[in-house]
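This is what each chain is made of:
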Amino acid sequence: MIRLLKIELAKLWPANYFRILLMLWLVAFITIPFASNSFLEWMASNKMMSQNPMFNPSQWPIFDFADLWQNLAYIYKMISIFMSFIIIISVTNEFDYKTVRQNVIDGFSKKEFWLSKISLIVCFSLLSAVLLFILGLIIGYSMFPIFKIELLFTNIEFVFAYFFQVFYLLMFAFVLSILIKRAGIVIAIMVFWIYIIEPMLSGIIASSLVDWPLVADSLPMEAGWNLIHLPFKKYIMMKTQDFISLQDVVTAGVWFVFFFLSSYLLLTKRDL
Amino acid sequence: MILKIENLSKNFGKLKAVNQINLQIEQGSVFGLLGPNGSGKTTTLGMLLGVTNPSSGSFSWFGQGDSPKVRKNIGAILEQPVFYPYMTGAQNLDIVCKIKEVPKSRVEQVLEQVNLLDRKDDLFSAYSLGMKQRLAIASALLCDPKVLVLDEPTNGLDPQGIAEIRQIITDIADSGKSIILASHLLDEVQKVCSHFCVLQKGNLIYQGKVEDDFSTSTSIEVASDNNQQLMSVLKSMPHVKEVIENEKTLLVKGDSSLNSLQVNKHLTAQGIVVSHLTTISKSLEERFLEILAESK
């Protein structure tokens, strides 16, 4: 597995798109928490908003421990799509250049080729989760320097949920890439699916099948998205799911297994 | 034996791209896989190299069956040279080294062998077609393969490029490696191969040694100042099967024991002096067209 990952990284490193996307992602990862902090301060300084005593964003403990892990994971899951672009381009390039074929001729089994991409996906997911953890510690400490160690690890499960969420999204991108083989079309379909098709479907299902809210939550992207629920509503006294529910994990898990198996079967059973 | 194929078939829907092929290739031979475009050459090689799943039948490399591990000892190029265009030639070969688990030090050696060492740090996308083809051969040589599989290696090259690639292939063959060469260029197969087979519409219609096929019959061109007399004398000569009259010369076709010396002696004995006498070596092209015609 380490050998396969080394091969993948050797393929990626010289590619411009990889370095640019990785850089963009890193910059976004590091700056977004600070930017959102300034944004909240700006909202608080806004006269109209600060007139409402219920609504004082600068007082929200967004980056304080215990709350921090869910909040950061939620913010970061919005930029994991950058990471999925790297996977999409890396996989579709192999079909475009026909290098997947040459890799097999040179001595990869189709399974090894699949594993090499999986190793890359795991590597990116781990990188995301580790960065979340490190930045969480730095931000949390700088905002709230006196903390108790048990508070630090409260809600740490959101780091794992974030790992799973990135892994899940990248697997979805991987399956689409193997299926469609053209980077532009895959990216267009993915964006279209995430922002238009699924919200529409889930709206239609929710309004027509009122007794079955689960169906809307079980659509593939919704299932991955729901691993980490929107936490900020609690600051304006609304009901919020501030834990990871087993039901969400199982729903996402079913799709995840489907992505895993279908990517494997698509790659190994087809002629290259 | 380096390769044994048994009843190998591939269907694409109703189309039988490769139909029940049986073939054996011996160690040290340079084997030509001939056939018109679309006859199933690349599909056959694709199955032998693990990228196309056979519909039925089996094959075995080096008597060890078929596995990625076996493929690591084969150097192969299918159709055009395939590399990552955004990497340099040397970086591309590094990737192949990692896949084949070959030491990195081989890269410089093979680049030297195909005369690309001075361009190793240029991007693959900046290479000319001839250089790409040479890089592909270098890549195939990385694992010091027991057998080299080349599919149309001179396709699209200029005459100089073709000569370079042929020289490289001949040198490799002389070093004792087995080569499987797919081509629709007959003259290429005739120049480099020791054995050949012919594929047509997915069927194996012929296989044999290149030299045998040129020794089963002889053609000799003769002319004198009286071709009419010459004609009647030649027709009565032993071993002659047929005499064909061309514009200024006569083409004598006979079995393999006929040669120009006999013809000359025979004619001199009959008092005929010839003005022209040449042995025509039959080209593979002729033979190939015959084989295709016979199969119809």
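Bear in mind that the values here come from a model prediction, so they are computed numbers and not experimental data. (Residues numbered from 1 in each chain as written. Chains lettered and ligands numbered in written order. Predicted model: local features only at pLDDT ≥ 70, side-chain atom pairs only at ≥ 80, totals over all residues. Heavy atoms only, no water.)

### Brief notes about the overall build of chain A
Consideration 1: If you tally the helices and strands in chain A, you get 13 helices and zero strands.
Consideration 2: Ordered by position in the sequence, the α and β elements of chain A form the string α-α-α-α-α-α-α-α-α-α-α-α-α.
Consideration 3: Summarising the internal contacts of chain A: among those between residues at least 6 apart in sequence, 80% fall at separations of at least 24. (Helix = DSSP H or I, 4+ residues; strand = E, 2+ residues; numbered from the N terminus. Contact = heavy atoms within 4.5 Å.)

### Digging into the pattern of salt bridges
Consideration 1: If you walk through the whole model with that rule in mind, you get 19 salt bridges over all chains.
Consideration 2: Across the salt bridge formed by B:Glu101 and A:Arg3, the nearest N and O atoms sit 3.9 Å from each other. Linking B:Glu101 in the loop between α3 (89–100) and α4 (106–113) with A:Arg3 in helix α1 (residues 2–12), this pair reaches from one chain into another.
Consideration 3: For the salt bridge of A:Glu94 with A:Lys11, the shortest nitrogen-to-oxygen distance reads 2.9 Å. Within this pair, whereas A:Glu94 is found in helix α5 (residues 80–96), its partner A:Lys11 is found in helix α1, the two being separated by 83 residues in sequence.
Consideration 4: Its relative accessible area of 2% is what places A:Glu94 among the buried residues.
Consideration 5: Connected via shared salt-bridge partners are A:Arg3, A:Glu112, B:Lys72 and B:Glu101. (Salt bridge = Lys/Arg side-chain N within 4 Å of Asp/Glu carboxyl O. Buried < 20%, exposed > 50% of the residue type's maximum accessible area, 1.4 Å probe, protein only.)

### Here's the deal with the nonpolar core
Consideration 1: Residues A:Phe29, A:Phe124, A:Phe174 and A:Met190 are the most contacted members of the largest nonpolar core, which totals 79 residues.
Consideration 2: In this structure, B:Leu93, B:Ile162, B:Leu186 and B:Tyr206 belong to the second largest nonpolar core, which totals 46 residues. (Core = buried A, V, L, I, M, F, W, Y, C linked by side-chain atoms within 4.5 Å.)

### Some remarks on the interface of chain B and chain A
Consideration 1: Taken together, the 28 residues of chain B in the interface contact 26 residues of chain A.
Consideration 2: Taken together, the two surfaces of chain B and chain A that pack against each other cover about 2500 Å², and 56% of this comes from carbon and sulfur.
Consideration 3: In terms of surface lost to chain A, no three residues of chain B exceed B:Val51, B:Tyr86 and B:Ile99, which account for 26% of the buried area on that side.
Consideration 4: Taken together, chain B and chain A are joined by three salt bridges.
Consideration 5: The tally of links from chain B across to chain A stands at 16 residue pairs in polar contact (both at pLDDT 80 or more).
Consideration 6: Broken down by secondary-structure element, the contributors of at least two residues to the side of chain B that touches chain A are β1 (3–12), α2 (68–71) and α3 of chain B.
Consideration 7: In terms of residues, the side of chain B that touches chain A owes the most to one element, α3(B), which gives six residues. (Buried area = accessible area lost by both parts, 1.4 Å probe. Polar contact = N/O pair within 3.5 Å; in protein donor to acceptor, adjacent residues only side chain to side chain.)

### Considerations on the sheet that holds strand β4 (residues 56–61) of chain B
Residues and elements named next belong to chain B.
Consideration 1: Reading across from one edge, β2-β1-β4 is the order of the three strands in this open sheet, with antiparallel pairing throughout. This sheet does not close on itself; its edge strands, each paired only once, are β2 (15–25) and β4. Strand-to-strand, the axes of this sheet are offset by a mean angle of 20 degrees, without reference to chain direction.
Consideration 2: By the bridge criterion, seven bridges tie β1 to β2 in an arrangement that is antiparallel. Bridging across to β2, Asn-11 finds its partner in Lys-16.
Consideration 3: Most of the contacts of helix α1 (residues 41–48) go to β1, to which it runs at about 115 degrees, and overall it touches β1, β2 and β4. (Pairing = 2+ DSSP bridges. Axes fitted to C-alpha atoms, helices over the stretch in contact; angles between N-to-C directions.)

### Considering the domain arrangement of chain B
Consideration 1: One can read the domain layout of chain B as domain 1 (3–212) and domain 2 (216–282).
Consideration 2: Domain 1 of chain B and domain 2 of chain B are separated by 43 Å when their C-alpha centres are compared. (Domains from an automatic or database assignment.)

### Considering the confidence of the model for chain B
Consideration 1: A residue-level look at chain B finds 96% of positions with pLDDT of 70 or above and a mean pLDDT of 86.
Consideration 2: For chain B, the element scoring lowest by mean pLDDT is helix α10 (residues 284–294) of chain B, at 75; α3(B) scores highest, at 94. (pLDDT = per-residue confidence, 0-100.)

### As for helix α4 (residues 67–77) of chain A
Consideration 1: Burial analysis of α4(A) places eleven of its eleven residues in the buried class, the great majority of the element.
Consideration 2: Those residues of α4(A) that sit buried are A:Asp67, A:Leu68, A:Trp69, A:Gln70, A:Asn71, A:Leu72, A:Ala73, A:Tyr74, A:Ile75, A:Tyr76 and A:Lys77.

### Observations regarding the side chain of A:Glu112
Consideration 1: Among the secondary structure elements, A:Glu112 is positioned in helix α7 (residues 110–143).
Consideration 2: The contact partners of A:Glu112, leaving out residues within four places of it in the chain, are A:Arg3, A:Leu4, A:Gly107 and B:Pro68.

### Quick look at the packing of aromatic side chains
Consideration 1: Within the structure shown, the criterion is met by 25 aromatic pairs over all chains.
Consideration 2: Geometrically, the ring pair formed by B:Phe196 and B:Tyr206 is tilted, given 5.6 Å between the ring centres and 35 degrees between the ring planes. Of this pair, B:Phe196 sits in strand β8 (residues 195–200) while B:Tyr206 sits in strand β9 (residues 203–209), and the two are ten residues apart along the sequence.
Consideration 3: Through a chain of ring-to-ring contacts, three or more aromatic side chains come together here, namely A:Trp114, A:Phe163, A:Phe164, A:Phe167, A:Tyr168, A:Phe172, A:Trp255, A:Phe256, A:Phe258, A:Phe259, A:Phe260 and A:Tyr264. (Phe/Tyr/Trp six-rings, centres within 6.5 Å; stacked < 30°, edge-to-face > 60°.)

### A closer look at the packing of helix α8 (residues 227–235) of chain B against helix α9 (residues 260–269) of chain B
The axes of two packed helices give the description: the angle between them and the distance between them.
All names here are of chain B.
Consideration 1: Here α8 crosses α9 at 115 degrees, and the two axes come no closer than 11 Å. Relative to α9, α8 is oriented roughly perpendicular. Where α8 crosses over α9, the two elements pack in a sense that is right-handed. Contact with α8, carried on its side by Leu-230, Val-233 and Leu-234, involves Val-263, His-266 and Leu-267 of α9 and no other residues of that element.
Consideration 2: Residue composition of the contact of α8 with α9, by class: five nonpolar, one polar and no charged. (Parallel < 35°, antiparallel > 145°, perpendicular 65-115°, else oblique. Left-handed = near helix turned anticlockwise from the far one by under 90°. Nonpolar A, V, L, I, M, F, W, Y, C, P; charged D, E, K, R; others polar.)

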